[in-house]
Amino acid sequence: LLDCGSGVVGRLAQLGLDWSGITHVAITHFHADHVSDLATLVVAWRYGQLPPRSAPVTVIGPPGLRALWERLAAALWSGMTAPGFPLVLAELAPGDTLPLADGVLLSARKVPHTDESVAYSVAGGGRRIVYTG
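What counts, and where the lines are drawn
Sequence positions are assigned chain by chain, starting from 1 and proceeding in written order. Given that the model is predicted, a residue must reach a pLDDT of at least 70 before its local features are reported, and side-chain atom pairs must reach 80 or more before they are shown or counted; all residues, however, enter totals for whole chains, interfaces and linings. Working from all heavy atoms in the structure, the side-chain values ignore hydrogens and water. Only when DSSP finds a minimum of two bridges between them are two strands counted as paired. Numbered from the N terminus, helices here are DSSP runs of H or I no shorter than four residues, and strands are runs of E no shorter than two. The axes are straight lines fitted to the C-alpha atoms, using for helices just the contacting stretch, and the angles between their N-to-C directions are given from 0 to 180°. Any two residues whose heavy atoms approach within 4.5 Å are treated as being in contact. Whenever Lys or Arg places a side-chain nitrogen within 4 Å of a carboxyl oxygen from Asp or Glu, that contact is recorded as a salt bridge. Relative accessible area decides the class of each residue, using a 1.4 Å probe on protein chains only: under 20% of the type maximum gives buried, over 50% gives exposed, and in between gives partly exposed.

Details of the sheet that holds strand S1 (residues 24-26)
Pairing within the open sheet is parallel, and its three strands lie in the order S1-S2-S3. Strands at the two margins of the open sheet, each flanked by one partner only, are S1 and strand S3 (87-91). In this sheet, neighbouring strand axes are inclined to one another by 15° on average, regardless of whether the strands run parallel or antiparallel. Direction of pairing for S1 relative to strand S2 (residues 57-61): parallel, over a ladder of three bridges. Paired with valine 25 across the strands is valine 59, a residue of S2. This element, helix H4 (residues 65-75), spans S2 and S3 of the sheet and lies at about 135° to S3.

See the structure below:
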């Protein structure tokens, strides 16, 4: 999932998409319209399905993601820091690359918007998409 703004979780469910099977969430920057449904998504994974999620999730973002996550947990739901399934927070600085799965690579590049804003390149299987928030 690339960015997680307001209404994303409900819209995924409305469209019949497998929101419970998301393995990675990549955040481009920390404006509310890109992060406001993070807590909703984590709560849905924990309490919105039976059995609750047990599969790991990686949340990726520019440097500052961990501090944002802690502030969101303090304000919205302390369980975000230990939701009952493996949760990895990965800060990806501009110029860095993170292997995802099956030969797919996520790369971050600096873009002008906010101090932390990045665009992502997702490449694998001879294909590539680029996304910017």
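Things to note about the pattern of salt bridges
Pairs can form between side chains of opposite charge whenever their charged atoms are close. Applying the stated criterion across every chain, the model contains one salt bridge. A salt bridge links glutamate 91 to arginine 66, with the nearest nitrogen and oxygen atoms 3.5 Å apart. With a gap of 25 residues between them, glutamate 91 in strand S3 and arginine 66 in helix H4 connect regions that are remote in the sequence. In this structure glutamate 91 comes out as partly exposed when scored by relative accessible area, which is 30%. Relative accessible area serves as the criterion here: at 39%, arginine 66 is assigned to the partly exposed category.

Considering unusual backbone geometry
At the junction of leucine 50 and proline 51, the peptide bond is cis and its omega measures out at -5° in the coordinates. For proline 51, the position within the fold is in the loop between helix H3 (38-47) and S2. Its identity as a non-glycine residue notwithstanding, aspartate 3 has a phi of 65°, on the positive side. By the element assignment, aspartate 3 lies in the segment before helix H1 (8-14). Residue classification places aspartate 3 among the buried residues on the basis of a relative accessible area of 5%. Even without being a glycine, aspartate 102 presents a positive backbone phi close to 50°. Note that aspartate 102 resides in the loop between strand S4 (97-99) and strand S5 (105-110). The exposed category is assigned to aspartate 102, whose relative accessible area is 82%.

A word on the sheet that holds strand S7 (residues 127-132)
The four strands are arranged S4-S5-S6-S7 in an open sheet whose pairing can be described as antiparallel. Across the chains shown, the open sheet's two edge strands, defined by having one partner strand only, are S4 and S7. On average, each strand axis in the sheet is inclined to that of its neighbour by 20°, with strand direction left out of account. The sheet contact formed by strand S6 (residues 118-124) and S7 spans six bridges and is antiparallel. In the sheet register, alanine 123 faces S7, and the bridge partner there is arginine 128.

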